[in-house]
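# Structural characterization, general
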Amino acid sequence: HLDGKVALVTGSTSGIGLAIAHGLAKRGASIILTGFGDEQLISKLKEDFTSKYNCRVDYIPADLSKVADINELFTSVIKLYPEGVDVLINNAGYNHVCLVEDYPEEKWDDMVAVMLSAPFHLCKRFIPLMKKKGWGRILITSSVHGMISTAGKAVYSAVKHGVVGLAKGIALEVVDYGITCNTLCPGFVDTPVTQKQIKQFVQDKGISLEQAKVDFVSKRQPTKTFIEPEHIAEYVAFICSPYAAQITGSAMPIEGGWLSK
Ligand code: NAD
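Residue numbers run consecutively from 1 along every chain, following the written order of its sequence. The model is predicted, so local features are restricted to residues of pLDDT at least 70 and side-chain atom pairs to those at 80 or more, both for listing and for counting; the totals for chains, interfaces and linings are taken over all residues. Only heavy atoms go into the side-chain values, all of them from the structure, while hydrogens and water stay out.

## Thoughts on the nonpolar core
Nine residue types can take part in a nonpolar core, namely buried Ala, Val, Leu, Ile, Met, Phe, Trp, Tyr and Cys, and a core is a set of them joined through side-chain atoms within 4.5 Å. Each residue's exposure class comes from its accessible area (1.4 Å probe, protein chains only) as a fraction of the maximum for that residue type: buried when under 20%, exposed when over 50%, partly exposed otherwise. Core analysis: the largest hydrophobic core is formed by 31 residues, its most contacted members being Ile20, Leu24, Ile31, Phe49, Ile89, Ile232 and Val236. For this core, the secondary-structure elements that each account for two or more residues are strand E1 (6-10), helix H1 (15-26), strand E2 (30-34), helix H2 (39-53), strand E4 (87-90) and helix H8 (229-239). A contact between two residues is defined here by any heavy atoms of the two lying within 4.5 Å. Beyond its immediate sequence surroundings of up to four residues, isoleucine 31 is in contact with Ala7, Ala21, Leu24, Ala25, Phe49, Arg56, Val57 and Asp58. By size, the runner-up hydrophobic cluster in this structure holds 30 residues, among which are Ile32, Leu88, Cys123 and Ile170. Helix numbers and strand numbers start at the N terminus; a helix is a DSSP run of H or I with at least 4 residues, a strand a run of E with at least 2.

Structure below.
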């Protein structure tokens, strides 16, 4: 259902963003990848898309903590697609787990820049073009931490709550133009971001990696298993379908029952 549509997915060189890009390409979209990665990784990722879906795939590098890079990313996208994109997935991010009293101030600035300001800057630049098209899908990857918090994740949850509000406001601003704007609120997804936290858990508790995975997840997620990136990707594909036209301003938990406890 996405033939002829163009999707820009930030943070698509790994994890959730990469799975979302695959889910959209599978449905016919042309993909613009962006995120960190060396030349070898990028060419492997591009080859994978071309061979699996025979789709157009481009890669544009950008450090989303820098407005100058965001401007260059926008300019490069417009060079490729003068009418802009149909699907904008603001997904790039990371976590830094630390108490507020010890939190490095430059880390706060970076977290806000990458996960709150970058979605704002990209939405600001692409929305006018989407309005002209009369159709669009905007998503921002928030987290369960966009709804609750955990000690050590106050900063992360501040930015993740922030994008939930941003998306609700945007949803109302674009509602007459065939555009929806929603956030994704995943629990623990098996990606490099989580693997880093689990390694820390192994060190702190002195337990095996396998045991740590079970303990770490089951403490929070009643399903006791990790969410797979594809669980998120298939939901995004649905949001980009005509059947999701009435879903806007939502913050969708995909968290194995975590928030029901
Ligand atoms: P990941 O590390 O696999 O991927 C992160 C992506 O973001 C990579 O492509 C990376 O290059 C990119 N990125 C990071 N900093 C960037 C920067 N300054 N400029 C440009 N790109 C940058 O992690 P993931 O788990 O797939 O995380 C994706 C999103 O999902 C993040 O926003 C994260 O907060 C959110 N999230 C993750 C989980 C989880 O359990 N993994 C849960 C909830 C929300």
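## Quick look at the layout of surface pockets
Whether a set of points on the 1 Å grid over the protein atoms alone is a cavity depends on a 1.4 Å probe fitting there but being unable to get out, while an open set qualifies as a pocket with protein on both sides within 12 Å along at least five of seven lines; lining residues are those with an atom within 4 Å of a point. Grid points are joined across faces, edges and corners, and a volume is the space filled by probe spheres set on the points. Taken as a whole, the largest pocket spans an internal volume of roughly 1,300 Å³. Taken together, 50 residues make up the lining of the largest pocket; nearest its centre are Gly93, Tyr94, Asn95, Val193 and Thr194. Put simply, the parts of the chain that give the lining of the largest pocket at least two residues each are H1, helix H4 (105-133), helix H5 (154-173) and helix H6 (192-205). Examining the composition of the lining of the largest pocket, we find that 9 residues originate from one element, H6, more than from any other. We call Asp, Glu, Lys and Arg charged. Ala, Val, Leu, Ile, Met, Phe, Trp, Tyr, Cys and Pro are nonpolar, and the rest, Gly among them, are polar. By residue class, the composition of the lining of the largest pocket is 20 nonpolar, 22 polar and 8 charged.

## Focus on empty space enclosed by the protein
Evaluation of the coordinates by the stated rule reveals 1 cavity of 30 Å³ or more. Considered as a void within the structure, the largest cavity measures approximately 60 Å³ in volume. Listing elements by their share of the lining of the largest cavity, those giving two or more residues are H4 and strand E5 (136-141). Per element, the largest residue contribution to the lining of the largest cavity is 5 residues, and it comes from H4.

## Re the site of the ligand
One heavy atom within 4 Å of a molecule or strand makes the whole residue count as near it. As a matter of local geometry, the ligand sits amid 29 residues, with Thr13, Ser14, Tyr156, Val189 and Thr191 nearest to it. The term polar contact refers here to a pair of N or O atoms within 3.5 Å; inside protein, the definition further demands a hydrogen-donor-capable atom paired with an acceptor-capable atom, and it admits residues adjacent in sequence only when both atoms are side-chain atoms. In the environment of the ligand, an oxygen atom lies 2.8 Å from a nitrogen or oxygen atom belonging to the backbone of asparagine 91. Side-chain polar atom of lysine 160 to an oxygen atom of the ligand: 2.9 Å apart, as the coordinates give it. Summarising the interface, the protein chains cover 92% of the accessible area of the ligand, which totals 830 Å² for the free molecule. Cavity and pocket membership follows a simple rule, namely that a molecule belongs there if more than half of its atoms are within 2 Å of the grid points. Cavity membership is defined here by more than half of the atoms lying within 2 Å of grid points; on that basis the ligand lies in the largest pocket. Mapped onto the shell around the ligand, the elements with two or more residues apiece are H1, H5 and H6. In terms of residue class, the shell around the ligand is made up of 12 nonpolar, 15 polar and 2 charged. Per-residue and other accessible areas were derived by the Shrake-Rupley procedure at a 1.4 Å probe size, with only the shown protein chains allowed to occlude residues.

## Details of H6
What a helix should span is 1.5 Å times the count of its residues minus one. With 14 residues, H6 extends 20 Å from end C-alpha to end C-alpha; this agrees with the ideal 20 Å at 1.5 Å per step. All of the buried residues along H6 are Thr194, Gln197, Ile198 and Phe201. For H6, the buried positions fall inside an angular range of 100° around the axis, keeping them on one side. Facing away from the buried surface of H6 by more than 90 degrees, the exposed residues are Lys196, Lys199 and Gln203. Looking at the buried positions of H6, the neighbouring elements they touch are helix H7 (209-218). Picture the helix axis, draw a direction to every C-beta atom, and the arc is the one those directions span.

## Describing the side chain of asparagine 182
Summarising the element assignment, asparagine 182 is placed in strand E6 (residues 179-186). Only 2.8 Å separates the side chain of asparagine 182 from the side chain of serine 250, close enough to count as a polar contact. In this structure, asparagine 182 is in contact with Ile138, Leu139, Ile140, Ala167, Ile239, Ile247, Thr248, Gly249 and Ser250, ignoring residues within four places of it in sequence.

## Here we look at the sheet that holds E2
In a beta sheet, neighbouring strands pair by backbone hydrogen bonds and run either parallel or antiparallel. Strands were regarded as paired on the criterion that DSSP finds at least two bridges between them. Judged by pairing direction, the sheet is parallel, and its 7 strands sit side by side in the order E3-E2-E1-E4-E5-E6-E7 without closing on themselves. The sheet is open, and its two borders are formed by strand E3 (57-59) and strand E7 (251-254), each paired with just one other strand. Neighbouring strand axes in the sheet, compared pairwise and without regard to direction, differ in orientation by 15° on average. Sheet analysis places E6 next to E7, joined by 4 bridges and oriented parallel. The axes are straight lines fitted to the C-alpha atoms, using for helices just the contacting stretch, and the angles between their N-to-C directions are given from 0 to 180°.

These values are about where atoms sit, not about what they do.
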